[in-house]
Amino acid sequence: MLIFFNDLLIRLLFIIDFVVKTVFVFAYYIYSKLIHQVFNVNMVENNKKHNRNPIGKPNQTIVKRGVIDANWQKLMHLTTLMDTKSEKEEDTDKKESFKGTFRRNRKKKIIEQNNVAKNLKTLKLNNKLTELDIDAVDNVKEETRKDKKNKLTKFIAMDCEMVGIGYNGDDHMIARVSLVNKFGDCIYDKFVKPREEVVDYRTSISGVRKEDLLNGEDFIIVQKEVSEILKGRIVVGHSLKTDLSVLFLSHPKKCIRDTSKYKPFRKITKGSTPSLKRLAKEILGIDIQHGEHSSVEDARATMQLYCTVGKTWEQALSEKRGYSRKFVET
């Protein structure tokens, strides 16, 4: 029995060994076939890729790339031209942009100079001033002077003449208002109709007469017109508190230049309030207020006084809080 079982086991082992070997060989055969097919396909595809361009013809990708590069260079050239044009336009815009009163005045001067240069070129004159050149320059100056005449400026000088009302004529009432621009041109001068009975016309000082007030303007109209002119501007005057009070107007403190309160002017009278007549005599060297006063003449005198010390006055005010250097006019 034992010998029988031993022979049976040996035969089974041989059979199993044979089956395993045959399965292994069969699997190896299939694996090699698959690998061979895969590699042959790749090689064929690679050969097809290499032989895609026929012999004797240039590579199409290189040709297309050259066309693209040429078009790209044209596009870059156009963009650079556009950029240069835009930069030139911006430069011209910057040159022609003038903002603010000072820059606008500068623009006017440049335009005037260009006009004079064009006139000189038409006459074919180079670097030699002749009588025609001098006349052309004088004409331009006269035209600019006419344009500036009777125009509002940042600084306005004001002076008022008053008459006496109330008991014994001690109270003040507005009778005449005069406004002068920075160039000394009278831009506003009107008599005002009385709203109360006038006790004293003060003609020897004010120069106001009864017929002047009868032909004058209504107080409300004068008040409105003066307030519109003074709005946003710097008011120059002598004892402006009384002038504004008779008009029933107020003005920002930082926009008031009162020559009666300016400290360097008060040193002339050793600290006391100087009169406009004395300031004009001492500083400007002119005599005013001989007999009857003129509000236009007084306003011009105050503007001249301010212009003599304008820069130092504005610099002193700019150091204080609430004032700005933008009020300084050069």
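Residues numbered from 1 in each chain as written. Predicted model: local features only at pLDDT ≥ 70, side-chain atom pairs only at ≥ 80, totals over all residues. Heavy atoms only, no water.

> Would you mind going over the overall build of the protein chain with me for this structure?
Helix and strand counts for the protein chain stand at 11 helices and 5 strands. Out of the 330 residues in the protein chain, the part that is buried amounts to 26%. Of the roughly 24,400 Å² of accessible surface on the protein chain, a fraction of 57% belongs to carbon and sulfur atoms. (Helix = DSSP H or I, 4+ residues; strand = E, 2+ residues; numbered from the N terminus. Buried < 20%, exposed > 50% of the residue type's maximum accessible area, 1.4 Å probe, protein only. Areas by Shrake-Rupley, 256 points an atom, 1.4 Å probe, with all protein chains shown as cover.)

> Help me understand a positive patch on the surface, please; the structure alone is not making it clear to me.
The grouping of K241, K253, K261, K263 and K320 at the surface amounts to a positive patch. Note on placement: K253 falls in the loop between α8 (240-246) and β5 (256-258). Residue K253 is classed as exposed on the basis of its relative accessible area of 70%. (Patch = residues over 30% accessible without salt bridge, like charges linked within 9 Å, V, L, I, M, F, W, Y side chains within 5 Å. Salt bridge = Lys/Arg side-chain N within 4 Å of Asp/Glu carboxyl O. Lys, Arg positive; Asp, Glu negative; His and termini not counted. Charge placed at Lys NZ, Arg CZ, Asp CG, Glu CD.)

> Can you help me understand helix α7 (residues 219-230) in this one?
Owing to its 3.6 residues per turn, the α-helix brings residues three or four apart onto one side. Taking 1.5 Å per residue, 12 residues should reach 16 Å; α7 reaches 16 Å between its end C-alpha atoms and fits that length. Elements in contact with the buried residues of α7: β1 (155-165), β2 (171-180), β3 (186-191), β4 (234-237) and α8. Taken from the residues just after α7, G232 is the one with a positive phi, measuring 75°. (Expected span 1.5 Å × (residues − 1). Contact = heavy atoms within 4.5 Å.)

> Can you help me understand the pairing of β2 in this one?
Every regular strand shows the same layout, with side chains that alternate between the two sheet faces. By the criterion of burial, β2 is predominantly enclosed, with 8 of the 10 residues buried. Of the pairings in the sheet, the one linking β1 to β2 comprises 9 bridges and is antiparallel in character. Bridging from a neighbouring strand, M162 pairs with I174 of β2. Between β1 and β2, which follow one another and run antiparallel, lie 5 residues, and G166 among them has a positive phi close to 80°. Pairing analysis gives 5 bridges linking β2 to β3, with the strands arranged antiparallel. Within the sheet, the bridge partner assigned to V180 lies in β3 and is C186. Counted along the chain from β2 to the antiparallel partner β3, the turn is 5 residues long, and its residue G184 has a positive phi close to 85°. (Pairing = 2+ DSSP bridges.)

> Which parts of the structure should I look at to understand the pairing of β4?
The two faces of β4 match: I234 and V236 on one face and V235 and G237 on the other face are all buried. Relative to β4, β1 runs parallel, the two being bridged by 3 bridges. Bridge pairing in β4 links A157 to V236. The pairing of β4 with β5 spans 3 bridges and is classified as parallel. Its bridge partner being in β5, G237 is matched across the sheet by D258. Handedness of the β-α-β unit built from β4, α8 and β5 comes out right-handed. (Right-handed = clockwise from strand over helix to strand, strands pointing away.)

> I keep staring at the pattern of salt bridges and nothing clicks. Help me out?
Should the charged atoms of two oppositely charged side chains come close, the side chains can pair. All told, the structure shown has 8 salt bridges when counted by the stated rule. Among the ionic pairs, E292 bridges to R209, the shortest N-O distance being 2.7 Å. Here the residue E292 occupies a position in the loop between α10 (276-284) and α11 (295-318), and R209 occupies one in the loop between α5 (203-206) and α6 (210-214), the gap between them amounting to 83 residues. Two residues, K281 and D287, come together in a salt bridge whose shortest N-O distance is 3.2 Å. Taking relative accessible area as the criterion, K281 reaches 46% and is therefore assigned partly exposed. Each of K190, E217 and E225 takes part in salt bridges that share partners, so that together they form one network.

> Explanation requested: α11 in the structure shown.
A rise of 1.5 Å per residue sets the reference length of α11, with its 24 residues, at 34 Å; its end C-alpha atoms lie only 30 Å apart and thus fall more than 12% short of the reference. Of all the bends in α11, the greatest measures close to 70° and is centred on V309. (Bend = angle between axes of the 7 residues up to and from the residue.)

> Sorry, what's going on with unusual backbone geometry here?
Even without glycine at this site, N168 takes up a positive phi of about 65°. Summarising the element assignment, N168 is placed in the loop between β1 and β2. Classification of N168 by relative accessible area gives exposed; the value is 52%. One non-glycine residue, F248, lies in positive phi territory at about 55°.

> In this structure, what is going on with the side chain of S318? I would like to understand it.
Residue placement: S318 occurs in helix α11. At a separation of 2.7 Å, a polar atom in the side chain of S318 contacts the main-chain carbonyl oxygen of Q315. (Polar contact = N/O pair within 3.5 Å; in protein donor to acceptor, adjacent residues only side chain to side chain.)

> Would you mind showing me how to read the packing of aromatic side chains here?
The geometry of an aromatic ring pair is captured by the separation of the ring centres together with the interplanar angle, meaning the angle of the planes. A complete count under the given rule lists 5 aromatic pairs for this structure. Summarising the aromatic geometry, the rings of F219 and F248 are spaced 6.0 Å apart at their centres and angled 90° between planes, so their arrangement reads as edge-to-face. With a gap of 29 residues between them, F219 in helix α7 and F248 in the loop between α8 and β5 connect regions that are remote in the sequence. Given a relative accessible area of 57%, F248 falls into the exposed group. On the numbers, 5.0 Å between centres and 80° between planes, the contact of Y262 with F265 is edge-to-face. An aromatic cluster is present here, built from F155, Y262, F265, Y306 and W313 joined pairwise through their rings. A cation sits over an aromatic face here: R195 above F219, 4.0 Å from the ring centre. (Phe/Tyr/Trp six-rings, centres within 6.5 Å; stacked < 30°, edge-to-face > 60°. Lys NZ or Arg CZ within 6 Å of the ring centre and 35° of its normal.)

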